[in-house]
Amino acid sequence: MRHQSPCRLLQLHPLTRALRNAGLGLLLTGVSVSPLIHAETVSKDSQTNGETPKAAKQLKTVKVTAEAVEGTKDTGYRTETVSGVGAWEGRSLQDTPYSVNVISEELIENLQATTPDQIYRVNPTTQLIRAQHENNQPRIMMRGFSVQRSYRDGVPDDQYNHSATMEDTARIEILNGLSGFMYGANNVGGVTNYVTKRSTDERMNQLTLSSLGGDSWNAHGDFGGKFDSDGNYGYRVNLVEQGGDGAIKNQAIEKTFYSLALDGYLFEDFWVQIHGMDYTYDVNGSQTYWYFANGVKRPSADSIDNEISWGQPWTNRWYDYNRYGTNVKWKISENVSFRAAYIDNRGDRGSESTSNTIAANGTYSQAISGVYTSGLDTLLSKQKDSGAAAYLDVVFETGEVVHKLTTGYQVSDSFQYRYTGGASAPNINLTGLSMGSPTYIPHPTNVKQINRGVITLSSNTEYHSFIIGDDITFNDQWSALLGAAQTTITQKTGTGYDESALTPSVSVLFKPVESITTYVSYVEGLEAGVVVPEFYNNTAVKVVNGGKSFDPLTSEQFEIGVKTKVGQLALDAAVFRIEKGLQYYINVPGAPEFVQDGLQVHQGIELTAMGNLTENLNLIGGFTWLDPEVKEQKQTPALEGKAPVDVAEKIVKARFEYTLPAVPNLSLSAAVNYNGASYGDTLNNDKVPDYTLFDLGARYQVAVAEQLVTLRADLHNLTNEHYWNGFNGTRIGDPRTLMLSATVEF
């Protein structure tokens, strides 16, 4: 538990000093440095599918000819497999009847993805609406719905996405759209599934030293190997330290991360992995929310400096988390197999935050919340989440028809604890502040002494799903996936409820030729009713009906898609329609009240491409067009025909990477990210303008002291575009940021 204190001076952890010294020693050695004519590196991503893991790097100056491994730059980062889609496992990515994008480990490394933000910047179907540094809570929109709950190894990782960690992740599998049968309740827009790193067959020691913009630095050690000569038992260790002011002035992030994964075969065909991590994350001087007084129109983002924090530099958001889990796979017989996963996740978080409101006279006021007198901790909530999934797969035949019958059970339980019965810290209010530059004040010393009360349970929700599904193959052309889930959601706090629903999932696939798969899918899903937060969007504004529990909702999705491969390029297209109950705030910003009433319909088209255009040029890109609309609204009829808040109707992304034929160890990249206009209010009076971001990057590999060194540089937001982003368009987007890193393998 932490106590309120001024922004701490950053000091290098002893581990960080050791990692830095080791890396710099290798980089600055007196041995001559020579470029590699060809360095063939087999992807670590193959570990996630039971294939041969990464082989030793080749430092010879002769070209090595080898079959490209999926997920590497040689395949354009394209993958052929998916670890599993909830209850379904064993199908190729092309023959999976849903829109799925897979981000491989090599792509994660080459994007310098120390947070999920960099992944969502290039993934064609995600709209990033909250950067990680804002609240250690990266948030995205998928198919026009907010997705705030990530999964790990097919099980809810929860913690409201605070525990979405990249350092121990081998790949990210992004499923677009409703996924009730596959992943249980609460997944209308889609699911992001983080697959945990496994041990490597060959000993691997990898150190990455990074500059993340400004004076921000990051040191990451990744170590793997086997304990025994037979290669039955192995380990994977990741160690991270981060500190320093970032690209936004007066904002500093400190992070410490440790993870350990052990895996092996306890006996033949019975594989077990045990993994755990400990994670602390501090943001000092986080960016503020921006609101507008009645009658004030949203100003141009160009009028607000995006390179400096407009919150108070001493405000602090902190997060302490740990996670433990296990994965099991057992091939019982040729036709029977068992698989299971379990996650236990604990977290504490505290927050001091600011919100700015622009007045009609061109000044702004600031409300600072969560500031307590010395000796009182700033704890906001404690959370305890657990989840598990277990499946039994049985393969059998009925005549010429092949079945893979899956039965399973999914469960998750989430507890949140907060201070109750005591007083909250009174707001510190500043008025008449100039929009020319931020106004900073010293940390208050005369804060009123209050009694915060005691920590008690504020929310407890349980989810249970019994599922049964049949993966049916009729012949080489026709197949089907038929499933049903009996899902129960129990809310044990607030007004409470205990509701169940049977949600089906039906997909029919047809392959006119081997390289083309077409499909039609229908999916239903149950969504937990909202327990209304006490405060609006993490501000000090109280919600009128805070603490109220709403009944669960049932949503449905229709989807038609086609997947094909042209040369080395995978092309996917999907047309979809989602119908969901409407949930929203009214009377904002004066007296916000949360309501659940009406129907919203999102229909659209997704086009994605990933792979090689030529031998030296690859592409990750896509186009999303959405037509979101409120169809029925009894409480506020004026909302009918309006677009839901924050939904961009058009998203276009493309990332090209080119390897120079004359210098095969040098790759250049360029990316564009277009985010269409959206609305910041339910009546569509506040339009959030569209924006376009450009990125440039380069990667170069050299041999230093007979070790492989990879140098990377990425310049995000090349033109320093000023843009509105975030919930209701309340945040200023990130400025131009240069990221540099050096990775040494030894």
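Residues numbered from 1 in each chain as written. Predicted model: local features only at pLDDT ≥ 70, side-chain atom pairs only at ≥ 80, totals over all residues. Heavy atoms only, no water.

Description of the pattern of salt bridges
Quick note on the threshold: Here, a salt bridge means any side-chain nitrogen of Lys or Arg that lies within 4 Å of a carboxyl oxygen of Asp or Glu. Here a helix means four or more residues in a row that DSSP labels H or I, a strand means two or more in a row labelled E, and each is numbered from the N terminus. For every residue, the accessible area obtained with a 1.4 Å probe (protein chains only) is divided by the maximum for its type, and the residue is called buried under 20%, exposed over 50%, and partly exposed between those limits.
Here the structure, examined in full by the defined rule, presents 34 salt bridges. For K197, the salt bridge is made with D222, and the minimal N-O distance between the two is 2.8 Å. One end of the pair, K197, is in the loop between β9 (190-196) and β10 (204-211); the other, D222, is in strand β11 (residues 217-226), and 25 residues separate them in sequence. Of the two residues examined, K197 and D222, each falls in the buried class. Among the charged side chains, a salt-bridge network with shared partners connects E89, K329, R339 and D393.

Let's talk about the nonpolar core
In a soluble, globular protein the nonpolar side chains are often hidden away together inside. Threshold: In these notes, a set of buried Ala, Val, Leu, Ile, Met, Phe, Trp, Tyr and Cys residues joined through side-chain atoms within 4.5 Å is what counts as a nonpolar core. Contacts between residues were defined by any pair of non-hydrogen atoms, one from each residue, lying within 4.5 Å.
Core analysis: the biggest nonpolar cluster contains 33 residues, and V85, Y98, L175, F181, M182 and Y183 have the highest contact counts within it. Where this core is concerned, the elements lending two or more residues are β2 (100-103), α5 (180-183), β17 (336-351), β20 (379-398), β24 (478-491) and β28 (568-586). Contact partners of V85, with chain neighbours within four places excluded, come to T96, Y98, L175, M182 and Y183.

Brief notes about the confidence of the model for the protein
Formally: By definition, pLDDT measures how confident the predictor is in each residue, and it falls between 0 and 100.
Mean pLDDT over the protein stands at 88; residues scoring 70 or higher make up 90%. Confidence drops under a pLDDT of 50 for residues 3-66, and excluding neighbours within four residues, the segment shows 144 contacts in the predicted structure.

Topic: the environment of L696
Considering the arrangement of structural elements, one finds L696 in strand β35 (residues 691-704). Residue L696 is classed as partly exposed on the basis of its relative accessible area, which comes to 40%. Residues L696 and R203, spaced 493 residues apart in sequence, show a C-alpha to C-alpha distance of 33 Å. Not counting residues up to four positions away in its chain, the partners in contact with L696 are S669, A670, A713, D714, L715 and L718.

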